[in-house]
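Below are the chains, spelled out letter by letter.
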Amino acid sequence: GAGLNISEYQRLNEFDTVNQRYDLSFAYQPRDVWEIGFSGEYVDDYTFEDALEESGVLADRSRRKRSTVRPFSTIALDDRNTLEASYGFTTTQHDLDSYSDYKVHSVTLSLFHALMNERSRIIFQGSGSDATYKEPTADTEQTTYRGLVGFDHEFTEKTHMRLLGGAHYTESDPELVLPLFR
């Protein structure tokens, strides 16, 4: 029985996909102490890359289109400290009505403190976001706050490592219902 199901599953072409992703970024440094720029991306993909066969939950896949724009500004406070602020706007639309379309506004503030070896930095990052999920009966608002601390190290000009960890708090009004469990 199990072998036959796997064989039949492999012959189905309903899970074939063509995904698209486009990224664009730009930065301008008019002076040595500050920089402005933006980044953006457009993604056209599906909600699930697999059939969720391990969890046993069946859910319809939906075509999803997501666009994000992030303007930012960076300023050197002194020789060892840099402050970066960014704003992000994301909009996501699904072809199926069983998934909520949503928009997210976010703000991030990061402080980078360079250590004496000039290749390592300590990172302090705080952010907040506000998401609006379009529901048939009433929109759902979700607010998230994050605090992260991390470490950044440049081994060579081409090898770089960043480690961030922290916590976040999320509240929803009314309670958020995940599309997977509708």
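First things first, this report covers the structure right here in the doc. Worth saying up front: this structure is predicted, and the values here are computed from it rather than measured.

**Examining the environment of serine 106**
Next up, step 1: Structurally, the position occupied by serine 106 is in strand β5 (residues 101–114).
Next up, step 2: Residue class for serine 106 comes out partly exposed when judged on its relative accessible area of 22%.
Next up, step 3: The spatial distance from the C-alpha of serine 106 to the C-alpha of threonine 90 is 8.6 Å, given a sequence separation of 16 residues.
Next up, step 4: Beyond its immediate stretch of four places on either side in the chain, serine 106 contacts Ser86, Tyr87, Gly88, Gly128 and Ser129.

**Overview of the packing of aromatic side chains**
Next up, step 1: Evaluation of the coordinates by the stated rule reveals 3 aromatic pairs.
Next up, step 2: On the basis of an interplanar angle of 40° and a centroid distance of 6.1 Å, the ring pair of phenylalanine 26 and phenylalanine 38 is categorised as tilted. Taken together, the residues phenylalanine 26 in strand β1 (residues 20–31) and phenylalanine 38 in strand β2 (residues 34–46) connect sequence positions 12 residues apart.
Next up, step 3: Judged by its relative accessible area of 47%, phenylalanine 26 falls in the partly exposed class.
Next up, step 4: According to the relative accessible area criterion, phenylalanine 38 is partly exposed, its value standing at 34%.
Next up, step 5: Both rings, one in tyrosine 102 and one in tyrosine 133, keep their centres 5.1 Å apart while their planes meet at 40°; by these two values the pair is tilted.

**Here's the deal with the sheet that holds β1**
Each strand in a sheet pairs with its neighbour through backbone hydrogen bonds, running either in the same direction (parallel) or in the opposite one (antiparallel).
Next up, step 1: Pairing in this open sheet of 8 strands is antiparallel, and the strands run β1-β2-β3-β4-β5-β6-β7-β8 from one edge to the other. On the outer flanks of this sheet lie β1 and β8 (160–173), each paired with one strand and no other. Taking the axes of each pair of neighbouring strands and ignoring which way they run, one obtains an average angle of 15° across the sheet.
Next up, step 2: In this structure, strand β7 (residues 140–154) lies alongside β8, joined through 14 bridges in antiparallel fashion. Paired with glycine 150 across the bridge in β8 is leucine 164.

**Quick look at unusual backbone geometry**
Next up, step 1: Backbone geometry places glutamate 118, a non-glycine residue, at a positive phi of 65°.
Next up, step 2: Within the secondary structure, glutamate 118 is located in the loop between β5 and β6 (120–134).
Next up, step 3: The class of glutamate 118 is exposed, set by a relative accessible area of 74%.

**Side note on the environment of arginine 146**
Next up, step 1: Tracing the backbone shows arginine 146 in strand β7.
Next up, step 2: Arginine 146 sits in the partly exposed class, given a relative accessible area of 38%.
Next up, step 3: Counting along the chain gives 21 residues from arginine 146 to alanine 167, while the straight-line C-alpha distance between them is 5.9 Å.
Next up, step 4: With residues up to four places along the chain from it excluded, the contact list for arginine 146 reads Gln125, Gly126, Ser127, Ser129, Ala167 and His168.

Cut-off values and rules
- Throughout this document, residue positions are counted from 1 along each chain, in the order its sequence is written.
- For a predicted model such as this one, the threshold for reporting local features is a pLDDT of at least 70, and the threshold for listing and counting side-chain atom pairs is 80 or more; totals across whole chains, interfaces and linings nevertheless cover every residue.
- Values reported for side chains reflect all heavy atoms of the structure, with hydrogen atoms and water molecules removed beforehand.
- Every helix listed is a DSSP run of H or I at least four residues long, and every strand listed is a run of E at least two residues long, numbered separately from the N terminus.
- Buried, partly exposed and exposed residues are distinguished by accessible area as a fraction of the type maximum, computed with a 1.4 Å probe on protein chains only: under 20%, between the cut-offs, and over 50%, respectively.
- Any two residues whose heavy atoms approach within 4.5 Å are treated as being in contact.
- Stacked, tilted and edge-to-face are the three classes assigned to paired rings of Phe, Tyr and Trp, where Trp is represented by its six-membered ring and a pair needs centres within 6.5 Å; plane angles under 30 degrees give stacked, over 60 edge-to-face, the rest tilted.
- Pairing between strands is defined by DSSP: at least two bridges between the two strands are required.
- To define axes, lines are fitted to C-alpha atoms, for helices over the stretch in contact only, and angles between the resulting N-to-C directions are given on a 0 to 180 degree scale.

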